[in-house]
There are 2 protein chains.
Amino acid sequence: MSPLPPRHADLSHLTADQVRLAIRQDGYARHTAGLAAGKLQCNLAILPAQDALDFLRFCQRNPKPCPVVGISDTGNPFMPTLGHDIDIRTDVPRYRVFRNGQFTDEITDIKALWRDDLVTVALGCSFTFENALIANGIPVRHIESDQTVPMFKSNIALTPAGRFAGEMVVTMRPVAAGRVQDAYQISRAFPQAHGAPIGHGDPAQFGIADLMKPDWGDPVEVQDGEIPVYWACGVTPQNVLLAANLPLCITHAPGHMLIADVAEDAETTILKT
Amino acid sequence: MSPLPPRHADLSHLTADQVRLAIRQDGYARHTAGLAAGKLQCNLAILPAQDALDFLRFCQRNPKPCPVVGISDTGNPFMPTLGHDIDIRTDVPRYRVFRNGQFTDEITDIKALWRDDLVTVALGCSFTFENALIANGIPVRHIESDQTVPMFKSNIALTPAGRFAGEMVVTMRPVAAGRVQDAYQISRAFPQAHGAPIGHGDPAQFGIADLMKPDWGDPVEVQDGEIPVYWACGVTPQNVLLAANLPLCITHAPGHMLIADVAEDAETTILKT
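Residues numbered from 1 in each chain as written. Chains lettered and ligands numbered in written order. Predicted model: local features only at pLDDT ≥ 70, side-chain atom pairs only at ≥ 80, totals over all residues.

This brings us to the overall build of chain A. The helix and strand inventory of chain A stands at six helices and 11 strands. Whereas a compact globule of 273 residues would reach a radius of gyration of roughly 19 Å, chain A reaches 18 Å, a difference of no more than 12%. The C-alpha extent of chain A, read off along each of the three principal axes, is 50 × 45 × 40 Å. Considering chain A as a whole, with its 273 residues, one finds that 46% of them fall into the buried category. (Helix = DSSP H or I, 4+ residues; strand = E, 2+ residues; numbered from the N terminus. Rg over C-alpha atoms; globule rule 2.2 N^0.38 Å. Buried ≥ 20, exposed ≤ 12 C-beta atoms within 10 Å, placed from the backbone.)

Following this line, the structure appears as structure tokens:
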């Protein structure tokens, strides 16, 4: 009988490479929020090389939802600019597989699916600026209440590239009215993690009908004296990839991120080698 | 007899799109420093699509010398994310053409060279952070003395991608000892324009033998009480492209930049369309 996989709490004091090893060797397959504090966590998009140039163009044209923090060589599962010995086939807790625009599998490694023509694109995630908000005394309610951030389909058109197009997905966090401008300034310093909010106030201006009915995640109440603040969301590229009907595309499962060795507040996301 | 082309002074109060029109229609073919104040100016690399994915990987891995601010569609000479009606074949004052790693021509438009497989990559340039230094009371001597910034081949290895590799080219600006940390903080806010310095002090640590003998540009004296400060330079990608021996590659001529409609201090380099 093999030992039970480790729990989230078992990993809470490990370094980024130790967490990756626990995922790769010990079968850890749960979410990564709060692990390897201070290190960059990444959304993933793995796709055939023939679509990679257009996808990179798409990300460059939509930098707030799609901040690129790493790109692999074609067919190479290692990502040395993001971390020591990262093997993208095994070092993420859960993957989602899409074929021809349909979700087909959620799995814990992609060794059997790896091909010589695959390119991995790693994208920054909101954990980074959330940590900065909290460190600057702006509480983040969905974290305090152990919920998932509410996400909404917006009416904000993305700038297309090739077959990649669509509307931005946004997250909402309530912020005390007196701290809204601080929230802009703090998160703007993290262009690798969605940057400043895309707006605040009335949800209707972004085509959101009801803040208590998110398209993904949990509803979070906006209390008296608070203003809803909206940020670009890393679910955006996943939706765009899905809509592009690629023959094969692999992403992380939501919340189950790649943890890099790069500090989340580093000037660039490239490790000095 | 056609009229004489306009002089630099004739363009000094024009908007970015008016300057581009003066280049396209009136034959302005001189440098762009100081024109369309406050707008982003760009280095250019135009190359065949078959090498574009590797070149974008190279830029992503070396973001300080190679900050990507725009990517065209393959074969499309327009760059709507950077500006209204930008035609990359005509809107830059001077271009340099390289074939198989050899400089072959310096010309004022590339209409005759345009091909359906060309991709334009626009990269940020140092004008942006120099303006910010000056606005924050840190003088820039080569600008005050109307010289070209001194540039040096360094021993700093770049992170390779495909056939793209080499060492970083750096610029040097003397800064008063008491303002060196300010210079880091001010320029770090412009990741689209080389960001914070890559170092300061003894030039030997970067393999530079003599600060008064730059590889390109003019020598600039470091005076008593000043420290030489080094930034990543946009000549880096040009050298790397040259060394890659591409069948065809087109760049701007040094100092003769593409002027975008994007504000140089905007959070992203993507125009809202």
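Okay, the sheet that holds strand 9 (residues 226-232) of chain A next. Residue and element names in this part refer to chain A. Spatial strand order, 6-7-9-8: four strands in an open sheet with antiparallel pairing. For this open sheet the edge positions go to strand 6 (151-157) and strand 8 (199-200), each flanked by a neighbour on one side alone. As paired elements, strand 8 and strand 9 share two bridges and run antiparallel to each other. Note that in strand 9 the partner of histidine 200 across the bridge is valine 229. Packed on one face of the sheet, helix 6 (residues 235-243) meets strand 6, strand 7 (167-176) and strand 9 and runs near 160° to strand 7. (Pairing = 2+ DSSP bridges. Contact = placed C-beta atoms within 7 Å. Axes fitted to C-alpha atoms, helices over the stretch in contact; angles between N-to-C directions.)

Next up on the list: the sheet that holds strand 7 (residues 167-176) of chain B. Residue and element names in this part refer to chain B. With antiparallel pairing, the four strands of this open sheet are ordered in space as 6-7-9-8. Both edges of this open sheet fall to strand 6 (151-157) and strand 8 (199-200), since each of them pairs with a single strand only. Across the sheet, helix 5 (residues 180-188) lies against strand 7, strand 8 and strand 9 (226-232), angled at about 20° from strand 9, the strand it touches most. The strands touched by helix 6 (residues 235-243) within the sheet are strand 6, strand 7 and strand 9, with strand 7 carrying the most contacts at an inclination of about 160°.

The next thing to look at is the packing of helix 3 (residues 127-135) of chain B against helix 5 of chain B. Residues and elements named next belong to chain B. One can describe the packing of helix 3 onto helix 5 by two numbers: an axis separation of 9 Å at closest approach and a directional angle of 130°. Relative to helix 5, the element helix 3 is oriented oblique. The element helix 3 and its partner helix 5 pack so that their crossing is right-handed. Of the residues in helix 5, those in contact with Phe129, Ala132 and Leu133 of helix 3 are Ala183, Ile186 and Ser187. In terms of residue class, the contact of helix 3 with helix 5 is built from five nonpolar, one polar and no charged. (Parallel < 35°, antiparallel > 145°, perpendicular 65-115°, else oblique. Left-handed = near helix turned anticlockwise from the far one by under 90°. Nonpolar A, V, L, I, M, F, W, Y, C, P; charged D, E, K, R; others polar.)

Right, let's get into the domain arrangement of chain A. Residue and element names in this part refer to chain A. The domain boundaries assigned to chain A delineate domain 1 (8-126 + 237-263) and domain 2 (129-236). Computed from C-alpha coordinates alone, the two centres of domain 1 and domain 2 are separated by 22 Å. At the junction of the two partners, domain 1 supplies 23 residues and domain 2 supplies 26 residues. When residues of the side of domain 1 that touches domain 2 are traced back to their parent elements, those giving at least two are helix 2 (52-61), strand 5 (118-124) and helix 6. Classifying every residue of the side of domain 1 that touches domain 2 by side-chain character gives 13 nonpolar, six polar and four charged. (Domains from an automatic or database assignment.)

Here the focus is helix 3 of chain B. Given 3.6 residues to a turn, an α-helix orients residues that are three or four positions apart in the same direction. All names here are of chain B. Looking only at helix 3, the buried set comprises Phe127, Thr128, Phe129, Glu130 and Leu133. Where helix 3 is buried, its residues meet strand 1 (39-48), strand 5 (118-124), helix 4 (141-144) and helix 5. Trailing helix 3 by a residue or two, glycine 137 shows a phi angle of about 80°, which is positive.

The next thing to look at is the relation of the copies chain B and chain A. Between the two chain copies there is a screw-like relation: a rotation about an axis and a shift along it. Of the two same-sequence chains, chain B is brought onto chain A (RMSD 0.0 Å, axial shift 0.0 Å) by a rotation of 180°. This pairing of chains is accounted for by a two-fold axis. The rotation axis passes nearest to the C-alpha of Leu53(B) in chain B, at a distance of 2.7 Å. Most of the interface of chain B is mirrored in chain A: 100% of its interface residues are interface residues there too. (Least-squares fit on C-alpha atoms with pLDDT ≥ 70 in both.)

Attention shifts here to the pairing of strand 4 (residues 102-107) of chain B. Residues and elements named next belong to chain B. Burial within strand 4 is sparse, with just zero of its six residues counted as buried. Here strand 3 (residues 95-99) pairs with strand 4 via five bridges, running antiparallel. Bridge pairing in strand 4 links tyrosine 95 to isoleucine 107. Counting the residues between successive antiparallel strands, the hairpin from strand 3 to strand 4 contains two residues, one of them, asparagine 100, with a positive phi of roughly 50°.

Facing the 20 residues of chain B at the interface are 20 residues of chain A. Secondary structure elements with two or more residues in the side of chain B that touches chain A: helix 2 (52-61) and strand 2 (68-71) of chain B. Per element, the largest residue contribution to the side of chain B that touches chain A is six residues, and it comes from helix 2 of chain B. Its residues placed into classes, the side of chain B that touches chain A shows nine nonpolar, six polar and five charged.

As a further point, take the environment of Thr108(B). Here Thr108(B) lies in the loop between strand 4 and strand 5. A C-alpha to C-alpha distance of 22 Å links Thr108(B) and Gly217(B), two positions 109 residues apart in sequence.

For strand 5 of chain A, a buried count of seven out of seven residues is recorded, marking the element as mostly surrounded by other parts of the structure. Of the two faces of strand 5 of chain A, the one lined by Leu118(A), Thr120(A), Ala122(A) and Gly124(A) and the one lined by Val119(A), Val121(A) and Leu123(A) are each fully buried.

Turning next to unusual backbone geometry. Phi at Asn100(A) is positive, roughly 50°, even though this residue is not glycine. Note that Asn100(A) resides in the loop between strand 3 (95-99) and strand 4 (102-107). Residues other than glycine seldom take positive phi values, yet Asp146(B) does so here, at roughly 55°. C-beta crowding within 10 Å serves as the criterion here: with 8 such atoms nearby, Asp146(B) is assigned to the exposed category.

Time to look at the environment of Ile71(B). Within the secondary structure layout, Ile71(B) lies in strand 2. On the neighbour-count criterion, Ile71(B) (26 C-beta atoms within 10 Å) is buried. For the pair Ile71(B) and Arg89(B), spaced 18 residues apart in sequence, the C-alpha to C-alpha distance is 14 Å. Once residues within four sequence positions are removed from consideration, Ile71(B) is found in contact with Arg57(A), Gln60(A), Val119(B) and Val121(B).

As a further point, take the nonpolar core. Of all hydrophobic cores here, the largest spans 148 residues; its most connected members are Cys42(A), Val121(A), Val170(A), Cys42(B), Val121(B) and Val170(B). Discounting chain neighbours no more than four positions away, the residues touching Val121(A) are Ala45(A), Phe55(A), Leu56(A), Cys59(A), Val68(A) and Ile71(A). (Core = buried A, V, L, I, M, F, W, Y, C linked by C-beta atoms within 7 Å.)

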